[in-house]
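# Summary of the model geometry
The lines below spell out each chain.
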Amino acid sequence: MNYDYAKIAKEVIQAVGGSENIKSAAHCATRLRLIVADRSLADDEKVGEIDAVKGTFFTAGQYQIIFGTGHVNRVYEQITQLGIAETTASEAKEAKMDGKNQLQKAIRTFGDVFVPVIPALVATGLFLGLKGALLNNNFLALFGMTNADIPNTFQVLVDVLSGTTFAFLPAIVCWSTFRVFGGSPVLGLILGLMLVNGSLPNAYSVADPASGVTPLMLFGFIPIVGYQGSILPAFVAGVIGSKLEKKLRKTVPAVFDFMITPFLVLFIMLILSLLVIGPLLHALENVLLVIVEYALELPLGIGGLIVGFFWSIITLTGVHHIFNMLEISLLASTGFNPFNAILCMCGFSSAGVCLAISIKARKKEIRAIGPSATVSALLGIGEPALFGVILRYGMKPFLLSCSINGVAGMIAMLLGMKGTGNGITTIPGMLLYIYSPSQLIMYVVLALAVFITAFCLCWFFAVPPEVMEADNKGKKDAPAPAPAPAPFPDVLGSAAKGTFVPMESIPDPTFSEGILGICCGIEPETGKVYSPMDGTISQLADTLHAIGIEAGGVELLIHVGIDTVSMKGDGFKSHVSEGQSVKKGDLLLTMDLEKIKAAGHPATIMVIVTNSDDLASVEAAASGSLMPGDPLMRLKA
């Protein structure tokens, strides 16, 4: 279909609030990214009615309009010709924090520290759940065994798997804090390991009166112990230590910097951590834990009611990141996490509300996005359901979900539900409750009740009337693409050496929800990207992070990394040009994986069949490890 891109650009500017509301513009291979002065002036509905627009969302301080490959660059050219400035890298970075107060910025930074820690805690939680399920006497009795019959070697292995993360938690936290605050992560790691060094009295042993282990006392009143399982001392030590390192880097002469700076950072911070930071903040941490445990144990499940009702509201503000620390601290001190049960039920509630809206809706966009957003919520990723469906057309579904969350949280607390980890919820979260048959049964029953209740109440009382309006725009379907001289590719090959990533697991809703077409991803092990099929290069992004290929009526987009457009080509090198014919397996481009990682972007390579609606079927044909050219997707015309 031929579009009037000049007209589209004018309509975009008008629908987003006029040129005075647009600070600057940029684009990637699929999305026009606008930094706007006032988000509320952008009319999502009007934008959605513009030709070639496939969707909109607001994230990272940018209003993003999905046009797709081959269109977005042309719209961007017209936008800039109308006087809209190009977004600089510093503007994009500032936009992420734009409109946030100091508390919100601090909480975002706090989240940046603890989010990378969560995968290790997820794995540990699963190990603890399996340990509780397999090594309890009820289960072993089925085989005529008890714990005494389990070989000591096996028990030690299980203890290593389930105990290492919490034993060395300060090292992980200190490493991540140094990384976020601009210090050397390896210095943070060493400092954290010093806080749990075996020469110090073990914190767990000191806390157990029966162990006979007591703290070392300095000056008769300062206790010196290890900080196994502690969060706050490691976090604050990481913040101060990284700032001290940056200060020393500027003041120590370059010839001595390599030797003197690490020595001073580790020496000063160890003394400060053991004598001041540790004793004070460990006491504060214990007070916080007592308060949290008290709140969750309030009579009649009131603590669960409060947390459950406000959880989705807290998520909207971004303050939910602070709960990571509380959950981790609870796990480290008690081995259980009652917060997780509440959050899991909130996920089932959101999924039920989202599914009801998406099934009952007549608006095509909601019917398309809703089911995939529901699946995401059931797998523990609630943002697509919350932002893409539940909140999109009014507050009634959102408030209904909050109310169900509160009741579910109250019931979870009354039942005494608690998981063995954090970071996973909803269906995957079941693994954190298999340590006890009663816990698992309560989890499954309550989850089903919450999901069904949310679905039914929303279906009858809370589906927004806007989604019941059918799309009657009368737009004609785009004509079928003209046949290309290259043969139809029945099988697409892997574009890189790496690990297969299913579409739903790609960390960007534009791809994971198939908005641009059916796709899959590859986590690359090397910096080389190859052609998945014979064809012609139809598009090569100026920033070299995206390449279009056409062949036999198939339109393919290879998108390298998430948000790598902001790197403006730094770290990328093209080996092809637009209009060039390529063969399957030809080298298309090389990339510097370390630069992409340092810039804070996932390096996932997406292979998207952008006209998948025109094909009979597009199916993934891979799993696990891949070599270039291995079958990736199977196509049928």
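Before going into details, it helps to say that this report is about the structure given with it. Just so you know, these numbers come straight off a predicted model, no measurement behind them.

Parameters at a glance
Residues numbered from 1 in each chain as written. Predicted model: local features only at pLDDT ≥ 70, side-chain atom pairs only at ≥ 80, totals over all residues. Heavy atoms only, no water. Helix = DSSP H or I, 4+ residues; strand = E, 2+ residues; numbered from the N terminus. Buried < 20%, exposed > 50% of the residue type's maximum accessible area, 1.4 Å probe, protein only. Contact = heavy atoms within 4.5 Å. Areas by Shrake-Rupley, 256 points an atom, 1.4 Å probe, with all protein chains shown as cover. Polar contact = N/O pair within 3.5 Å; in protein donor to acceptor, adjacent residues only side chain to side chain. Axes fitted to C-alpha atoms, helices over the stretch in contact; angles between N-to-C directions. Left-handed = near helix turned anticlockwise from the far one by under 90°. Arc of directions from axis to C-beta. Pairing = 2+ DSSP bridges. Disulfide = S-S within 2.5 Å. Nonpolar A, V, L, I, M, F, W, Y, C, P; charged D, E, K, R; others polar. Patch = residues over 30% accessible without salt bridge, like charges linked within 9 Å, V, L, I, M, F, W, Y side chains within 5 Å. Salt bridge = Lys/Arg side-chain N within 4 Å of Asp/Glu carboxyl O. Lys, Arg positive; Asp, Glu negative; His and termini not counted. Charge placed at Lys NZ, Arg CZ, Asp CG, Glu CD. Core = buried A, V, L, I, M, F, W, Y, C linked by side-chain atoms within 4.5 Å. Expected span 1.5 Å × (residues − 1).

## Concerning the overall build of the chain
Scanning the chain for helices and strands turns up 23 helices and 20 strands. For the chain, buried positions account for 47% of its 637 residues. Within the chain, contacts between residues separated by at least 24 positions form 72% of all contacts whose residues are at least 6 apart in sequence. Surface exposure of the chain reaches about 29400 Å², of which carbon and sulfur atoms provide 63%.

## Things to note about the side chain of Arg31
Looking at where Arg31 falls in the secondary structure, it is placed in strand 2 (residues 31-36). Judged by its relative accessible area of 2%, Arg31 is buried. Only 3.3 Å separates the side chain of Arg31 from the side chain of Gln64, close enough to count as a polar contact.

## Concerning the packing of helix 16 (residues 338-360) against helix 21 (residues 437-461)
With their axes 7 Å apart at the nearest point, helix 16 and helix 21 run at an angle of 35 degrees to one another. Two packed elements cross with a definite hand, and for helix 16 against helix 21 that hand is right-handed. Contacts between helix 16 and helix 21 pair Cys344, Met345, Phe348, Ser349, Ala351, Gly352, Val353, Leu355, Ala356, Ile357, Ile359 and Lys360 from the former with Tyr443, Leu446, Ala447, Val450, Phe451, Ala454, Phe455, Cys458 and Trp459 from the latter.

## Here's the deal with helix 10 (residues 185-195)
Along helix 10, the positions that sit buried rather than exposed are Leu187, Gly188, Leu191, Gly192 and Leu195. Down the axis of helix 10, the smallest arc covering the buried residues is 135 degrees, so these residues share one side.

## A closer look at the sheet that holds strand 14 (residues 572-574)
Judged by pairing direction, the sheet is antiparallel, and its 3 strands sit side by side in the order 10-16-14 without closing on themselves. The sheet terminates laterally at strand 10 (528-530) and strand 14, the two strands that pair on one side only. Along the sheet, successive strands turn relative to each other by an average axial angle of 20 degrees, direction set aside.

## Describing the pairing of strand 8 (residues 498-501)
Both strand 8 and strand 19 (residues 625-626) contribute to a ladder of 2 bridges, which runs antiparallel. In the strand pairing of strand 19, Gly498 is matched with Leu626. Inspection of the sheet shows strand 8 paired to strand 9 (residues 518-524) by 4 bridges, in the antiparallel sense. Bridged to Thr499 within strand 9 is Glu523.

## A closer look at the state of the cysteines
Taken as a whole and assessed by the stated rule, the structure comprises 0 disulfides. Cysteine Cys402 is unpaired, with the sulfur of Cys346 as its nearest cysteine sulfur at 8.2 Å.

## With respect to the sheet that holds strand 20 (residues 631-636)
Read from one edge to the other, the open sheet built from 3 strands follows the order 7-20-18, with strand pairing classed as antiparallel. Lying at the two open borders of the sheet, with one neighbouring strand each, are strand 7 (491-493) and strand 18 (617-620). Between one strand axis and the next, the sheet turns through 20 degrees on average, direction left out of account. Direction of pairing for strand 7 relative to strand 20: antiparallel, over a ladder of 3 bridges.

## A look at the packing of helix 16 against helix 19 (residues 396-415)
At a minimum axis separation of 8 Å, helix 16 and helix 19 run at an interaxial angle of 145 degrees. As for the relative orientation of helix 16 and helix 19, their crossing is right-handed in sense. Packed against helix 16, whose contacting residues are Pro338, Ala341, Ile342, Met345, Cys346, Ser349, Ser350, Val353 and Ile357, the element helix 19 presents Pro397, Leu400, Ser401, Ile404, Asn405, Ala408, Gly409, Ala412 and Met413 at the interface. Split by residue class, the contact of helix 16 with helix 19 holds 13 nonpolar, 5 polar and no charged.

## Observations concerning the side chain of Asn337
Among the secondary structure elements, Asn337 is positioned in the loop between helix 15 (322-334) and helix 16. Among residues more than four places away in sequence, those in contact with Asn337 are Glu327, Leu330, Leu331, Lys418, Gly419, Gly421 and Asn422.

## Things to note about a negative patch on the surface
Taken together, the side chains of Asp43, Glu45, Glu466 and Glu469 present a region of like negative charge at the surface. Among the structural elements, Asp43 can be located in the loop between strand 2 and helix 2 (44-48).

## Topic: the nonpolar core
Counting residues in each nonpolar core, the largest one holds 53 residues, and the members touching the most others are Met345, Ile357, Met417 and Cys458. Of all elements in the fold, only helix 13 (254-296), helix 14 (302-317), helix 15, helix 16, helix 17 (364-378), helix 18 (383-390), helix 19 and helix 21 reach the threshold of two or more residues within this core. A total of 13 residues in this core trace back to one element, the largest contributor, which is helix 16. Ala551, Val554, Val560 and Met591 belong to the second largest nonpolar core, which has 37 residues in total.

## Considerations on helix 12 (residues 232-251)
Taking 1.5 Å as the rise per residue, helix 12 with 20 residues should run 28 Å; its terminal C-alpha atoms sit 29 Å apart, in good agreement. All of the buried residues in helix 12 are Leu232, Pro233, Ala234, Phe235, Ala237, Gly238, Val239, Gly241, Ser242, Glu245 and Leu248.

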